[in-house]
Each structure stands twice: as structure tokens, then as C-alpha cells.
Amino acid sequence: MEFQGKTVLVTGAGKGIGRATATMLAARGAEVVALTRSPSDLDSLKAEIGCRTIAVDLADPAATRAAAREAGPVDYLVNNAGTTALDSFLDLTVETMNHLLAVNTVAPMIVAQEYARDRIARGLKGSIVNVSSVSSFIGFADHAAYCASKGALDAMTRVMANELGRQGIRVNAVNPTVTLTPMAVKAWSDPAKSAGMMNRIPVGRFADPDDVAEVILYLLSDRAAMVNGIAMPVDGGFMIN
């Protein structure tokens, strides 16, 4: 129950890594504030863990800022929400690029700004974990917008860690390999494509959402008190091949 008495905001809490993180936090004593786009996902999560819920489209910056303010105050933040699109570079549109940047990079910025401003104003320390991807390190075909948005998130994480760390707020990223979420199934359902990825993972499997959630909770917690500014692969060894 290491998060007993703590409140944690989790974006993208309805599915996949976000839902696993919210569920694990609640099991370890946290009060969860779940933020995601789908009201039905929020309803089922609330029934499961008893969290507070906020429905918002994170592609809308004004609505995102309003939702972040409504969610606070909280002790910790997990910026998990993300989306993807599969387009070759030559077919990638400005609209798709802007949408992925809005959800995967700009929304985490906005939510973290509101969280950090509140903590600093009240003289309190804190911790943020941004959920990135190994796609920030690797140029996966048909993932130009996704890779760009996650690379930007990693870069922003480093700046956040530098600036906010001086205010007592640690900021880290986790960078999972393919994780068996609905979004990953969409991107990696072709066996011809997934086999090459799987063969580069020494542990011989893709990640489960709980694998990633465990690392998120560690980085969020005081057990990681001297960990600040990292992009932590959760990849079964993918990055060493």
C-alpha cells in the first residue's frame, strides 16, 4: 500500500497501459483520478476501482487545460494518453501529424504545466511519469508521426526534469516496446511485420500492460527519489539488438 493517502492523475486511463496503471495504483492504496476520452471506459473503470473520472478529448488544448485544472490537486501525474496512425512518410498528412502531436506531446505538456504550477505554488514536491515508446529511438516504417511525437515527448521530459527537478518535481519517461493494448494490436497485427520485431526481443515476447505499469509506479514513487530525467526502455532487451 505504498501509495496510501496519495492521489494520482492518470491520463488515457480507459484502456491498455493507462488502465493497468490506474488499477495497480488503486490496489496499492492510491485515490485515482482517471482522465480519458471515452465515457464508457471511464464508467467501467469507476465501477472496478472506484476512481474519480473526467472525460475529455486531449486533442483539444483548451479542453485539456480545463480538465487538468478540474482534476487537481493531485500528488502525482502519469501522462499516459496516446494515439497512433499508420502512414508511410510520403502519404503522411499535416492533419495526421498535428493530431498525433496534439495528443502525444502537447496534451502531456498542458497537463504537466497545470500539475506543476499547483505543486510549486503550494511548496510541495511531486513526480511525473510520461509514457513514451521505443519508437522515440527507432525509425519504424509507417510510424513517422508517432515516432516524431514520442521523440518530442522524450526531449520535453528532459527539459521538464531539468527545470522542475529544481522545484522538487521529478520527471521521467518510460519507453515500452510493443505492449499488448488495443492500439498495439492495430499497429502490429500483421504477423509478417510483428515477427521481425519479436525476433529482436531477447525475452521472446511483447510486453503486457502490467509490465509497464510496474515500472511507472516505481518511477512515480519515493523509491526512485534520485531518478530524474531518464527515458527508461521497458522492452525485454529490444534496444540491445
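Up top you'll find the structure we're talking about.
A brief look at the structure comes next. Every value quoted in this text rests on a predicted model; they were computed, and no experiment measured them.

## Thoughts on the pairing of strand β3 (residues 52-55)
Step number 1: Here strand β2 (residues 31-36) runs beside β3; their pairing, made up of 4 bridges, is parallel. Within β3, the residue paired with A34 across the bridge is T53.

## Examining the sheet that holds strand β4 (residues 76-79)
Step number 1: Ordered by their spatial adjacency, 7 strands build an open sheet running β3-β2-β1-β4-β5-β6-β7, and the pairing between neighbours is parallel. Each end of this open sheet is capped by a strand with a single partner; those strands are β3 and β7 (231-234). Mean inter-strand twist for the sheet, computed between neighbouring axes without regard to direction, equals 20 degrees.
Step number 2: Across the sheet, helix α4 (residues 94-121) lies against β1 (7-11), β4, β5 (126-131) and β6 (169-176), angled at about 175 degrees from β4, the strand it touches most.
Step number 3: Docked against the sheet, helix α5 (residues 144-165) engages β5, β6 and β7, running at close to 160 degrees with respect to β6.

## Examining the side chain of D154
Step number 1: Within the secondary structure layout, D154 lies in helix α5.
Step number 2: For the buried D154, no salt bridge is present, and the opposite-charge side chain at shortest range is R158, 5.1 Å distant.
Step number 3: Other than its neighbours up to four places away in sequence, D154 contacts S132, S136, F137, A173, N175 and A231.

## Focus on the nonpolar core
Step number 1: V8, L25, V174, I216 and L220 are the most contacted members of the largest nonpolar core, which has 31 residues in total.
Step number 2: Those elements that provide at least two residues to this core are β1, α1 (16-27), β2, α2 (39-49), β4, β5 and α8 (209-220).
Step number 3: Per-element accounting of this core gives the leading share, 7 residues, to α8.
Step number 4: Beyond its immediate stretch of four places on either side in the chain, L220 contacts F3, V8, L25, Y76, L77, V78, S127, I128, V129 and R170.
Step number 5: Judged by nonpolar contacts, the second largest core, of 25 residues, contains V33, V56, M160 and A161.

## What to know about the packing of aromatic side chains
The relative placement of two aromatic rings is captured by the distance of their centres and the angle of their planes.
Step number 1: A complete count under the given rule lists 2 aromatic pairs for this structure.
Step number 2: The positively charged end of R200 is found above the aromatic ring belonging to F238, 4.1 Å away from the centroid.

## As for the packing of helix α3 (residues 61-71) against α4
Step number 1: Between α3 and α4, the shortest axis-to-axis distance is 9 Å and the interhelical angle comes to 30 degrees. Relative to α4, the element α3 lies roughly parallel. Considering only the axes of α3 and α4, their crossing is right-handed. For the pair formed by α3 and α4, the contact residues are P61, T64, R65, A68 and R69 on the first element and A107, I110, V111, Q113, E114 and R117 on the second.
Step number 2: Split into classes, the residues belonging to the contact of α3 with α4 amount to 5 nonpolar, 2 polar and 4 charged.

## Describing the pattern of salt bridges
Step number 1: For the coordinates displayed, the defined rule picks out 12 salt bridges.
Step number 2: For the salt bridge of D211 with R205, the shortest nitrogen-to-oxygen distance reads 2.8 Å.
Step number 3: Here the salt bridges share partners, and the residues they tie into one network are E2, R28, E214 and R223.

Basis of the calculations
Residues numbered from 1 in each chain as written. Predicted model: local features only at pLDDT ≥ 70, side-chain atom pairs only at ≥ 80, totals over all residues. Heavy atoms only, no water. Pairing = 2+ DSSP bridges. Helix = DSSP H or I, 4+ residues; strand = E, 2+ residues; numbered from the N terminus. Axes fitted to C-alpha atoms, helices over the stretch in contact; angles between N-to-C directions. Contact = heavy atoms within 4.5 Å. Buried < 20%, exposed > 50% of the residue type's maximum accessible area, 1.4 Å probe, protein only. Lys, Arg positive; Asp, Glu negative; His and termini not counted. Salt bridge = Lys/Arg side-chain N within 4 Å of Asp/Glu carboxyl O. Core = buried A, V, L, I, M, F, W, Y, C linked by side-chain atoms within 4.5 Å. Phe/Tyr/Trp six-rings, centres within 6.5 Å; stacked < 30°, edge-to-face > 60°. Lys NZ or Arg CZ within 6 Å of the ring centre and 35° of its normal. Parallel < 35°, antiparallel > 145°, perpendicular 65-115°, else oblique. Left-handed = near helix turned anticlockwise from the far one by under 90°. Nonpolar A, V, L, I, M, F, W, Y, C, P; charged D, E, K, R; others polar.

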